[in-house]
Amino acid sequence: MSWQGHDGAELIPRPEKTPAALKAALSVVAAHHLPAMSAQCKAMAEPTAGSIDPVRAFVAHWAAVVEIERCPEIARAYHRANYLANHSETIDDCREQATIVAELYRSAFAAVNG
């Protein structure tokens, strides 16, 4: 399933790529991710040796997560593959499902950061 191949149904419009907008979007489409986002945000509050790269990476990652979660068809496929990868009985099954997870994440990341 490619990003362009999904049915187009979206729970919310694509938010701006700011921490506040991404947090607000996440609270609507996947509130279960908020503790992880908050923990990463707190970790970024520590000194980063003058680099804004950690902030850019944070925003890029959470924009991809929101992109997945705002599209129900993609979110279902992503979570199903993630579950199956973690509960596979064989290494080949795990690898197949992990590949799906990675492809969906990469597609979402490219859609919002490309």
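Presented here is a report on the structure given in the accompanying data block.

## Concerning the packing of aromatic side chains
Within the structure shown, the criterion is met by one aromatic pair. With a centroid separation of 6.1 Å and 35 degrees between ring planes, the pair formed by Tyr105 and Phe109 is classed as tilted. You can see Tyr105 and its partner Phe109 sitting in helix α5 (residues 91–113), four residues apart, about one turn around the helix.

## Looking at the pattern of salt bridges
Scanning all chains against the criterion turns up five salt bridges. The partner of Asp53 in a salt bridge is Arg56, and the shortest N-O contact between them spans 3.6 Å. Of this pair, Asp53 and Arg56 both sit in helix α3 (residues 53–69), three residues apart, which is roughly one turn of that helix. On the basis of relative accessible area, Asp53 is assigned to the partly exposed category, the value being 48%. Residues Glu67 and Arg70 are paired through a salt bridge, measuring 2.8 Å at the closest nitrogen-oxygen approach. Grouping residues by exposure puts Glu67 and Arg70 together as buried. Among the charged side chains, a salt-bridge network with shared partners connects Glu10, Arg14, Glu67 and Arg70.

## Focus on the nonpolar core
Within the largest apolar cluster, 16 residues are counted, with the highest numbers of intra-cluster contacts made by Leu22, Leu26, Met37, Phe58, Trp62 and Val66. Breaking this core down by element, the ones donating at least two residues are α1 (19–29), α2 (34–44) and α3. Of the residues forming this core, the biggest block, six residues, is contributed by α3. For Leu22, the contacting residues outside a window of four places in its chain are Pro15, Glu16, Met37, Val59, Trp62, Ala63 and Val66.

## With respect to α5
Helix length check: α5, at 23 residues, gives a terminal C-alpha distance of 32 Å against a target of 33 Å (1.5 Å per residue), a fit within 8%. Burial in α5 covers these residues: Gln97, Val101, Leu104, Ala108 and Val112. For α5, the secondary structure elements touched by its buried residues are α3 and α4 (72–86).

## A short note on the environment of Glu67
For Glu67, the position within the fold is in helix α3. Residue Glu67 is classed as buried on the basis of its relative accessible area, which comes to 1%. Distance in space between the C-alpha atoms of Glu67 and Tyr83 is 19 Å, their sequence separation being 16 residues.

## Observations regarding α2
Residues Leu34, Met37 and Met44 constitute the buried set of α2. Down the axis, α2 shows its buried residues gathered within 85 degrees of arc, on one side only. Among the exposed residues of α2, those oriented more than 90 degrees off its buried face are Pro35 and Lys42. Tucked inside the fold, the buried residues of α2 contact α1 and α3.

What counts and what doesn't
Residues numbered from 1 in each chain as written. Predicted model: local features only at pLDDT ≥ 70, side-chain atom pairs only at ≥ 80, totals over all residues. Heavy atoms only, no water. Phe/Tyr/Trp six-rings, centres within 6.5 Å; stacked < 30°, edge-to-face > 60°. Helix = DSSP H or I, 4+ residues; strand = E, 2+ residues; numbered from the N terminus. Salt bridge = Lys/Arg side-chain N within 4 Å of Asp/Glu carboxyl O. Buried < 20%, exposed > 50% of the residue type's maximum accessible area, 1.4 Å probe, protein only. Core = buried A, V, L, I, M, F, W, Y, C linked by side-chain atoms within 4.5 Å. Contact = heavy atoms within 4.5 Å. Expected span 1.5 Å × (residues − 1). Arc of directions from axis to C-beta.

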